[in-house]
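Now for the letters of each chain:
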Amino acid sequence: MNTAPAPYPIGKPGTPWGEVERAEWLSQQTRQRSYESDVLSVIERLRPRFDVKEYGHLDYGANHYPLMAIRSRDWREDLPVVLITGGVHGYETSGVHGALQFVDQHAEDYAGRVNLLVAPCVSPWAYERIHRWNPNAVDPNRSFRDDGLADEAAALMRLVAPVRDHALMHIDLHETTDTDETEFRPALAARDGKPFEPGEIPDGFYLVDDSESPEPEFQQALIEAVEQVTHIAPADGNGEIFGSPVAARGVIQYPLKQLGLCASITSAPYRTTTEVYPDSARVTPEQCNAAQAAAVCAAIDYVLVSP
């Protein structure tokens, strides 16, 4: 017999959180890893080979976070712009380290062919706490709009604004984890005063295309490349992945701009969001990072030869 999930421990079922509940939630968040050691130190080692700039700063109580971007050293106005973002959700580890691995191991292969702009860790507070939200219990990846409530999103939008209409491609690196089902989706339902409806976490890698302007051949090129590194998520018994109909093997679609998702912040004709599954018994953290890097390479390779 199926039993109803236990109520989330913060708040009253059916009632959206107020300041008291948000403060209670925040009091339970603890720092579990170091943005400075894990991310900033790696970016610093890349500085001799790339242009590095601070594009914003987050101040959350006693915590201060510089927001860093990596750019091609040979930036040229006549070259197409490729945007790579990671760590919009701080707990999605391979989004951050996959972006950094791409820069370290592959970015120089594209010198003189594209302008690369990489923001590897958009949400450093959440990175340190292995969480989806910022300290205001706001999801940055629903905030990429003019009225968005996340400073992380606003800072990235300011960085991207000068190239927004010139970008050729944007790939946003994410993960879908088991904790999406055990913690983050239940917390979201509680925060918004809605019932939690259990779902099924897909076992494998998949992509999110833009339902308003899909590019199916582009998405499949990435699926084929990543398949050499890790397995692709199959559709469930309803023909869905994580509650969305499968548009093609390993691909679902969201209305990116309507939802305020990061992949909507440019006018790039080629856009995608990766979703690595790090909790599978069939992968290692190294494979997850490599899958992200492979997706980035495949995306750039595809757009460079597309008409």
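Below, the structure is looked at part by part. These numbers were taken from a predicted model, which means no experiment stands behind them.

## Some points on the environment of Ala293
For Ala293, the position within the fold is in helix H9 (residues 285-305). Given the relative accessible area of 1%, Ala293 is considered buried. Expressed as a C-alpha distance, the spacing of Ala293 and Leu149, which sit 144 residues apart in the sequence, is 30 Å. Sequence-distant contacts of Ala293, that is, excluding residues within four places in its chain, are made with Gly98, Gln101, Phe102 and His106.

## With respect to the pattern of salt bridges
Pairing is possible between side chains of opposite charge, provided their charged atoms come close. Here the structure, examined in full by the defined rule, presents 15 salt bridges. Across the pair Glu44 and Arg47 runs a salt bridge whose closest N-O atoms are separated by 3.1 Å. Between Asp165 and Arg164 there is a salt bridge; the shortest N-O distance is 3.1 Å. Here the salt bridges do not stand alone but share partners, grouping Arg31, Glu128 and Arg129 into one network.

## Let's talk about helix H3 (residues 93-105)
A rise of 1.5 Å per residue sets the reference length of H3, with its 13 residues, at 18 Å; its end C-alpha atoms lie 18 Å apart and thus fit the reference within 8%. Residues Ser94, Gly95, Val96, His97, Gly98, Ala99, Leu100, Phe102 and Val103 constitute the buried set of H3.

## Overview of the pairing of strand E5 (residues 167-175)
Put simply, side chains in a regular strand alternate between the two faces of the sheet. Of all nine residues making up E5, nine are buried, and the element is well covered by its neighbours. Across six bridges, the pairing between strand E3 (residues 81-86) and E5 is parallel. Each residue of the ladder has a partner; that of Leu83, found in E5, is His170. Here seven bridges tie E5 to strand E10 (residues 270-276), and the two strands are oriented parallel to one another. Residue pairing in the sheet places His170 in a bridge with Arg271 of E10.

Calculation rules
Residues numbered from 1 in each chain as written. Predicted model: local features only at pLDDT ≥ 70, side-chain atom pairs only at ≥ 80, totals over all residues. Heavy atoms only, no water. Helix = DSSP H or I, 4+ residues; strand = E, 2+ residues; numbered from the N terminus. Buried < 20%, exposed > 50% of the residue type's maximum accessible area, 1.4 Å probe, protein only. Contact = heavy atoms within 4.5 Å. Salt bridge = Lys/Arg side-chain N within 4 Å of Asp/Glu carboxyl O. Expected span 1.5 Å × (residues − 1). Pairing = 2+ DSSP bridges.

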